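Chain by chain, the residues:
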Amino acid sequence: QVQLVESGGGLVQAGDSLRLSCAASGRTGAMAWFRQAPRKERDFVAAISWRGSSTYYADSVKGRFTISRDNAKNTVYLQINSLKPEDTAVYYCAAKRTIDGYTWPPPAYDYWGQGTQVTVSS
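Trainee: Which parts of the structure should I look at to understand the pattern of salt bridges?
Mentor: When the charged atoms of two side chains lie near each other, side chains of opposite charge can form a pair. The tally for this structure, following the rule as stated, stands at four salt bridges. In this structure, Lys62 and Asp59 form a salt bridge, with 3.0 Å as the shortest nitrogen-oxygen distance. For the pair Lys62 and Asp59, one class covers both residues: exposed. For Asp87, the salt bridge identified is with Arg64, shortest N-O distance 2.8 Å. Separated by 23 residues along the polypeptide, Asp87 in the loop between β8 (75–80) and β9 (89–95) and Arg64 in the loop between β6 (55–57) and β7 (65–70) bring together distant segments of the chain. There is no split in this pair, since Asp87 and Arg64 are both buried. Three or more residues are tied together by salt bridges with common partners; here these are Arg35, Arg64 and Asp87.

Trainee: Would you mind going over unusual backbone geometry with me for this structure?
Mentor: Leaving glycine out, the prevailing phi sign among residues is negative, and the prevailing peptide bond configuration is trans. Between Trp104 and Pro105 the backbone carries a cis peptide bond, its omega angle lying at -5°. Take Pro105: it is sitting in the loop between β9 and β10 (111–112).

Trainee: Can you help me understand the state of the cysteines in this one?
Mentor: The bond known as a disulfide is covalent and runs between the sulfur atoms of two cysteines. With the rule as written, the count across this model stands at one disulfide. At a sulfur-sulfur separation of 2.1 Å, the disulfide partner of Cys22 is Cys93. Every disulfide takes its handedness from the sign of the S-S torsion; for Cys22 and Cys93 that torsion is -80°, giving left-handed. In this pair, Cys22 sits in strand β3 (residues 18–24) while Cys93 sits in strand β9, placing the two residues 71 residues apart along the sequence.

Trainee: What is the right way to look at the pairing of strand β1 (residues 4–7) in this model?
Mentor: Taken residue by residue, a regular strand's side chains alternate between the two faces of the sheet. Burial along β1 is one-sided: Leu4 and Glu6 are buried, while Val5 and Ser7, pointing the other way, are not. Here four bridges tie β1 to β3, and the two strands are oriented antiparallel to one another. Residue pairing across strands places Ser7 opposite Ser21, the latter belonging to β3.

Trainee: Whenever I open this one, the sheet that holds β7 confuses me. Can you help?
Mentor: Whenever strands of a sheet pair, they do so through backbone hydrogen bonds, lying parallel or antiparallel. Strand order in the open sheet formed by four strands is β1-β3-β8-β7, and the pairing between neighbours is antiparallel. Lying at the two open borders of the sheet, with one neighbouring strand each, are β1 and β7. Here the average twist between neighbouring strands, direction ignored, is 15°.

Basis of the calculations
Residues numbered from 1 in each chain as written. Predicted model: local features only at pLDDT ≥ 70, side-chain atom pairs only at ≥ 80, totals over all residues. Heavy atoms only, no water. Salt bridge = Lys/Arg side-chain N within 4 Å of Asp/Glu carboxyl O. Buried < 20%, exposed > 50% of the residue type's maximum accessible area, 1.4 Å probe, protein only. Helix = DSSP H or I, 4+ residues; strand = E, 2+ residues; numbered from the N terminus. Disulfide = S-S within 2.5 Å. Pairing = 2+ DSSP bridges. Axes fitted to C-alpha atoms, helices over the stretch in contact; angles between N-to-C directions.

The following block contains the structure:
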């Protein structure tokens, strides 16, 4: 069982930037970020293949969010620029257990983190 621990969230102002991190306790396959705003469902944000060669973004975040990973550190990052109040949410990291055997982007994930809160004030 791989543990995922997110960090980097906080209270920021509109227009600021943040970099979220998610450290995995072991090797994983594809990884992704999701977010859940208050009183809303959890939404997909971005995914990255296990090599980092492929990325996929939700239309709503294209151009402002960048997902990356460092496999030497078993860590995935989410760079968020030009933050908006509507980006306020709990951001969750997710990972696939294996490096292959699924479509791209993966329709489901095996491991989930506990989330990190991002609050953007206007």
